Amino acid sequence: MTISKQTPQELAASLLAAALLLPGVQAHADEPPRNGSISLRYLDYADRQPGLDRIHAHSPSVSVTAPVAGDWSVEGTLTADDVSGASPRYHTAISGASHMEDERKAGDFAVTRYFRRGTLTAGAAYSTEHDYVSRALSLNGTLSSEDNNTTWAFGLAGSRDSINPVNNVVVDEHKRTVSVLAGVTRVLTPNDIAQLTLTRTNGSGYYNDPYKLFDNRPRSRRENTVLLRWNHYVDATGGTTRLGYRYYSDSFRIRAHTLSGEYVQPLANGWTIAPELRLYTQSAAWFYYDPVYDATLGAPFPPGFSNGADPNRLSSPDQRLSGFGAVTVGLKVAREIGKLWTVDVKVEEYEQRGSWRLFHDGSPGLAPLRARVLQVGLTRRW
Amino acid sequence: MVDAVDRFPFEAMASRCEIRLAAPNARTAEGLAQAAIAEVRRIERSYSRYRADSIVSRINAAAGRHRVECDDETWQLLAYADHLYGASGGLFDITSGVLRRAWDFRKPRVPGPDELAPLLALVDWAAVRREDGAVFLPRAGMEIDFGGFGKEYAADRACALLQQRGVRHGYVNLGGDMRFIGPQPDGRPWSIGIQDPRKPDGIAASIAVSQGALTTSGDYERCFDLDGKRYCHVLNPRTGMPVSHWRSVSVLAPLAALGGSVSTIAMLKEADALAFLEASGLAYFVIDSAGNAHHHSISGDYAS
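Residue numbers run consecutively from 1 along every chain, following the written order of its sequence. Going through the entries in the order they are written, you letter the chains from A and number the ligands from 1. Only residues with pLDDT of at least 70 get local features here, since the model is predicted, and only at 80 or more are side-chain atom pairs given and counted; chain-wide, interface and lining totals rely on the full set of residues.

The next subject is the overall build of chain B. Helix numbering and strand numbering both begin at the N terminus, where a helix is a DSSP run of H or I of at least 4 residues and a strand a DSSP run of E of at least 2. When helices and strands are counted, chain B shows seven helices and 15 strands. Burial is judged by counting other C-beta atoms within 10 Å of a residue's own C-beta: 20 or more means buried, 12 or fewer means exposed, and anything between counts as partly exposed, with every C-beta placed from the backbone. In chain B, buried positions account for 46% of the 304 residues. The contact criterion used is a C-beta to C-beta distance within 7 Å, with each C-beta placed from the backbone. Sequence separation of at least 24 residues holds for 59% of the intrachain contacts in chain B that already meet a minimum separation of 6.

For two strands to count as paired, DSSP must find a minimum of two bridges between them. Read across the open sheet, the three strands follow the order S3-S5-S4 (chain B); overall the sheet is antiparallel. One side of each edge strand has no neighbouring strand; the edge strands of this open sheet are strand S3 (68–69) and strand S4 (129–131) of chain B.

Further remarks concern the interface of chain B and chain A. Residue-level contacts link 35 residues of chain B with 26 residues of chain A. At the level of secondary structure, the elements contributing two or more residues to the side of chain B that touches chain A comprise helix H1 (26–47), helix H3 (72–87), helix H5 (150–164), helix H6 (256–269) and helix H7 (273–280) of chain B. Per element, the largest residue contribution to the side of chain B that touches chain A is 11 residues, and it comes from H3 of chain B. For this scheme, ten residues count as nonpolar: Ala, Val, Leu, Ile, Met, Phe, Trp, Tyr, Cys and Pro. Four count as charged, namely Asp, Glu, Lys and Arg, and the remainder, Gly too, count as polar. In terms of residue class, the side of chain B that touches chain A is built from 15 nonpolar, 12 polar and eight charged.

The subject of this paragraph is H3 of chain B. Residues and elements named next belong to chain B. Under the 1.5 Å per step criterion, the end-to-end length of H3 is 23 Å for 16 residues, consistent within 8% with the ideal 22 Å. Of all the positions in H3, only Thr74, Leu77, Tyr80, Ala81, Leu84, Tyr85 and Ala87 are classed as buried. A positive backbone phi angle near 65 degrees is found at Gly89, which sits one or two residues after H3. Here a helix's expected span is defined as the number of its residues, less one, multiplied by 1.5 Å.

Moving on to the environment of Tyr280 of chain A. Residue and element names in this part refer to chain A. Its place among the elements puts Tyr280 in strand S13 (residues 271–282). For Tyr280, a count of 21 C-beta atoms within 10 Å gives the class buried. Sequence separation between Tyr280 and Ala326 is 46 residues, and the spatial gap between their C-alpha atoms is 5.0 Å. If sequence neighbours within four positions are ignored, Tyr280 has contacts with Ala256, Thr258, Gly325 and Ala326.

Turning next to the sheet that holds strand S2 (residues 15–22) of chain B. All names here are of chain B. Strand order in the open sheet formed by eight strands is S1-S2-S6-S7-S10-S13-S14-S15, with antiparallel pairing between adjacent strands. With one partner strand each, in any of the chains shown, strand S1 (5–12) and strand S15 (293–296) form the two edges of the open sheet. Within the sheet, the average angular offset between the axes of one strand and its neighbour, ignoring direction, is 10 degrees. The convention used is that axes are lines fitted to C-alpha atoms, helices contributing only their stretch in contact, and that angles between N-to-C directions extend from 0 to 180 degrees. Against the sheet, H6 touches strand S7 (177–182), strand S10 (212–218), strand S13 (246–253) and strand S14 (283–288), its axis set at about 155 degrees to S13.

Printed below as a string of structure tokens:
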């Protein structure tokens, strides 16, 4: 560099600018994204029960994050699912699954405003299948303490779904939900972050599965969720463990526990490997009936049907309302290529069995359900 | 909740150092301080002239022979040194460390011109070549060192590391060069004394700081007095002789690396120091060779 004559203003500005170029001399807090990114994902889902390949879904999606005017960012995702396969057996004891084809299109959009100590995000989502349209709005915020060690989160969301099943069991039915969320995240040590989130959802309207006989569920549902998460950075390996526990209860009297663990290990040359394990158990809804049928009429009539039991009483044979346990094992491998590209591949195996429930009564006679998820993603930052 | 402030004294870069920080408990504070101290020691190791395997030693050993590839961090430090050379009119020169071969401040002896001349021929940052991520010192015997802002850079890095880990109250003090993480837990600024250049236990002034950095260069660290004249370790790279116009220069700056280099350049500018400090836009407090203080908006934060 040659020795230059500078005006006082130039000197002051150039000295500060030069010092700021030194690496790592300044800490950056929660800042709006400086760079945008675009992700392409392709998800392949297939599930099966013994002797039956059920649903196979392919869904490509595009999501974009873009910083706008300093303190703002927008995000959006477009997904198109193409689903084909047999509709779920409403009891695994019954054979003769009907065939279904459906196409789902979904999009969501969110705008975030960044403040010095918090964020505010407004979001909207829309998804449509030929018999089901869902619209949702949400407002979420975070607020951090002066020392940035504690962050509070709050949220409010509402959804309105329209249901017009092709069999015309019902016409123009609706379901509405309102959710409130409150949470706190706390930095415990330089290596540990814990988070507690409480969610309450009140819903009313049509909860039945219109494609199932004798599926008559309450027209309101109140759901509570407690979620505890703990992330720990392991000094010895440079990896991170992510442990989570979720407790769920609702007015259908389903109680569920989820225990999840994930370990993310960065490796040389931009590789990251992350095995995960998720254990789940739930109790049956109070109006769920096991695959035991009326003694006289047989399947699919629920017990007592021939003895004049009220045909409109609450009941459901939906396997998702039964008591069961499930295990998910997954592995995600990602590789950063240069500073701009990331490629990731994720494989998940899911198995659900009535006999794996750990609490309450289940439906041990139900056939197990297995699913495999394969996801490939490509992200480009700019 | 007001957290307690813990103190972690340690020795690094041949100086007495201390980290003060507020954390929810003693174990957390200890872990944070150890991480920050480890960062200071990493920089000390990487840029020490006294370790044969440091990048600085490798660059110096290759002087006059071949170029040495630099990592990104070293490259940025060299770029900053280059900027300071230009901004100081050539007075801040990281090749001037060779003059130490003639000056031993443990003995009161002034080297003669015949001793200084061959060393001054090796002081020439403008001749250093930097290209394609490699640096080359063109004459055998040339040396660089980051003594002029390495300690301050380490204070900035340690402070940024603590801020990234959530610390909001405390400061990093490396031998009197300080970078502040934030005010005391109750919101009050820290009260920092400025060393009296002539009384080891005295304070010449006291200022309140909660943000940014406070750095001081003085004629009292490594020095000797001979025939009523003070000879200090801040050496003019053109004459090879110690500067004598100021006893000490303190600067408040957003970054310690900036404050440290501005206070050193002010010492080197001698009679032109006040104009340079004014032009730097930073708050300062200086004591001249007669013991008189001059200052500009030194009270309060640099930001306020």
